[in-house]
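# Fold and contact review
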Amino acid sequence: MTRTVLFHELGGPEVLRLENTEVGEPGPGEVRIRVDAIGLNRAEALFRAGLYIEPVKRFPARLGSEAAGVVEAVGEGVTGLRPGQPVSTVPGFSQNDHGVYAERAIVPASAVLRRPESLGAIEGAAVWMPYVTAYGALVEVGGMRPGDTVVLNAASSSVGLAALQVAERIGATSIALTRTAAKREALLEQGAAEVIVTDEEDVVERVLAATGGRGAEYVFDAVAGPGVLELGKVVAADGMLLVYGALSGLPTPYPGLDLGMPALNMRTYTMLETTARPERLRRAEAFVASGLRSGAFRPVVDRTFELDEIVEAHRYLESNAQIGKIVVTVSH
């Protein structure tokens, strides 16, 4: 038996329950891991509440796709992974099929990455989703180059901070958006060239001033909704508005029509575009691993909780008070 976080109905953090379940043996192409740390992501709160892009198909339902631990067993046909090996998982599967909010979890081998010995479990649960998301969108899909500028909102999130560091490593310039001045200094310390406090400053005016009037080659948007109409005004000619999240929960218009810019390049991005494609994931893993070795990538962990504090951890996740990653540790 293993302790597993389940929920039997949609709702807020209070619907989460820690229950004993059978873990079983991994099937073909699967791996069983002993989970030592779990990285929390906004997608899990949305899935739990019934607001995610993929609905919950059955109850009780599981949660989680990002964790660090040790391989306990491998299923038929799995190569390159062995019992006792430190690993991390990446979001490369549906939460309707697998979940890592548990002491032990079975996941597809395709979503398991070897964890460097120098990377502890907490850091190993805080690295892959943020950096692979930022790399996949800005570099793999967007083709970011030295000298480019990226504007990003939700800049103090784990993905936002990773995007600041990815841009810096590429040689690009980052402009971070934040609602209040409370996080300004932290964002500057993490590599933002400019920080715009959206409750106090004119975003369009500030971005155009910072870029000499040309605008930003990339806008990396975690919020979506009506705000894209304003963000569309700062996209440079031949630039790209990349929407990778929907924190607003509101319908997202196409700003090109509103601005008289039918050629505005706007597209969505999900991490599965990278993790579900072996060659893309291989390149992403190499890029992130080299950044970790060089010290260019510095995963930021805001706070840790124990597994039996999962309700409190989700409440904190939804508070938006964090700067960086929230990690849940698992004692054995």
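In this report, we go over the structure that sits alongside the text.

Turning our eyes to something else, we now look at the overall build of the protein chain. Within the protein chain, the regular secondary structure consists of 11 helices and 15 strands. For the protein chain, the C-alpha radius of gyration of 20 Å lies close to 20 Å, the compact-globule estimate for 332 residues. By its C-alpha atoms, the protein chain is 60 × 40 × 35 Å across when sized along the principal axes. By the burial criterion, 54% of the 332 residues in the protein chain qualify as buried. Counting only contacts in the protein chain whose residues sit at least 6 apart along the sequence, the fraction spanning at least 24 positions is 68%.

This next bit is on a negative patch on the surface. A surface patch of like charges, here negative, comprises Glu 306, Asp 308, Glu 309 and Glu 312. With respect to the helices and strands, the residue Glu 312 is situated in helix α11 (residues 310-319). Assessed through its relative accessible area of 39%, Glu 312 is described here as partly exposed.

This brings us to the environment of Asn 41. Positionally, Asn 41 belongs in the loop between β3 (30-39) and α1 (42-49). Separated by 273 residues in sequence, Asn 41 and His 314 have C-alpha atoms that sit 9.4 Å apart. Those residues in contact with Asn 41 that lie beyond four places of it in its chain are Glu 66, Met 129, Leu 317 and Lys 325. Reaching out from Asn 41, the side chain makes a polar contact with the side chain of Glu 66 at a distance of 3.2 Å.

Let us look at the environment of Leu 307. Its place among the elements puts Leu 307 in the loop between β14 (301-306) and α11. For the pair formed by Leu 307 and Val 330, sequence separation is 23 residues and the distance between their alpha carbons is 5.6 Å. Discounting chain neighbours no more than four positions away, the residues touching Leu 307 are Arg 3, Val 5, Leu 18, Ile 38, Ala 102, Glu 103, Val 328, Thr 329 and Val 330.

Glancing now at the pattern of salt bridges. Considering all chains together, one arrives at 16 salt bridges under this definition. Its salt-bridge partner being Glu 273, residue Arg 267 comes within 2.5 Å of it at the nearest N-O pair. Classification of Arg 267 as partly exposed rests on a relative accessible area of 28%. Owing to a relative accessible area of 15%, Glu 273 belongs among the buried residues under this scheme. With a closest N to O distance of 2.7 Å, Arg 282 and Glu 279 form a salt bridge. On the criterion of helical spacing, the pair formed by Arg 282 and Glu 279 is a turn pair, its members being 3 residues apart in helix α10 (residues 278-294). With relative accessibility at 47%, the residue Arg 282 sits in the partly exposed group.

In this section: the packing of aromatic side chains. Within a pair of aromatic rings, the relevant descriptors are the distance that separates the centres and the angle that separates the planes. For the coordinates displayed, the defined rule picks out 8 aromatic pairs. Ring geometry for Phe 47 versus Tyr 52: centroids 6.3 Å apart, planes at 85°, classification edge-to-face. Taken together through their ring pairs, the aromatic side chains of Phe 7, Phe 47, Tyr 52 and Phe 59 make up a single cluster. The positively charged end of Arg 169 is found above the aromatic ring belonging to Phe 297, 5.6 Å away from the centroid. The aromatic ring of Tyr 316 is capped on one face by Arg 303, whose charged end is 4.9 Å from the ring centroid.

So, on to the environment of Arg 169. Mapping Arg 169 onto the fold places it in helix α4 (residues 158-170). Classification of Arg 169 as partly exposed rests on a relative accessible area of 35%. C-alpha separation for the pair Arg 169 and Phe 297, spaced 128 residues apart in sequence, amounts to 8.5 Å. What Arg 169 contacts, discounting residues up to four positions off in sequence, is Phe 287, Ser 290, Gly 291, Ser 294, Ala 296 and Phe 297.

Counting buried residues in strand β12 (residues 235-243) gives 7 out of 9 residues, a clear majority hidden from the surface. Here 5 bridges tie strand β11 (residues 216-221) to β12, and the two strands are oriented parallel to one another. Each bridged residue has a counterpart across the sheet, and for Val 219 the counterpart in β12 is Leu 241. Where β12 meets strand β13 (residues 266-268), 3 bridges bridge the pair, whose relative direction is parallel. Across the sheet, residue Val 243 finds its bridge partner in β13, namely Thr 268.

As summarised here, the arrangement of the 6 strands in space is β10-β9-β8-β11-β12-β13, forming an open sheet in which the pairing is parallel. Among the strands making up the open sheet, the edge pair consists of β10 (194-197) and β13. Ignoring which end each strand starts from, the neighbouring axes of this sheet average 20° apart. As paired elements, strand β8 (residues 149-152) and strand β9 (residues 173-178) share 4 bridges and run parallel to each other. The residue bridging Leu 152 from the neighbouring strand is Ala 176, located in β9. On the sheet, α4 packs against β8, β9 and β11 and is oriented at approximately 170° with respect to β8.

Rules and cut-offs
Residues numbered from 1 in each chain as written. Predicted model: local features only at pLDDT ≥ 70, side-chain atom pairs only at ≥ 80, totals over all residues. Heavy atoms only, no water. Helix = DSSP H or I, 4+ residues; strand = E, 2+ residues; numbered from the N terminus. Rg over C-alpha atoms; globule rule 2.2 N^0.38 Å. Buried < 20%, exposed > 50% of the residue type's maximum accessible area, 1.4 Å probe, protein only. Contact = heavy atoms within 4.5 Å. Patch = residues over 30% accessible without salt bridge, like charges linked within 9 Å, V, L, I, M, F, W, Y side chains within 5 Å. Areas by Shrake-Rupley, 256 points an atom, 1.4 Å probe, with all protein chains shown as cover. Salt bridge = Lys/Arg side-chain N within 4 Å of Asp/Glu carboxyl O. Lys, Arg positive; Asp, Glu negative; His and termini not counted. Charge placed at Lys NZ, Arg CZ, Asp CG, Glu CD. Polar contact = N/O pair within 3.5 Å; in protein donor to acceptor, adjacent residues only side chain to side chain. Phe/Tyr/Trp six-rings, centres within 6.5 Å; stacked < 30°, edge-to-face > 60°. Lys NZ or Arg CZ within 6 Å of the ring centre and 35° of its normal. Pairing = 2+ DSSP bridges. Axes fitted to C-alpha atoms, helices over the stretch in contact; angles between N-to-C directions.

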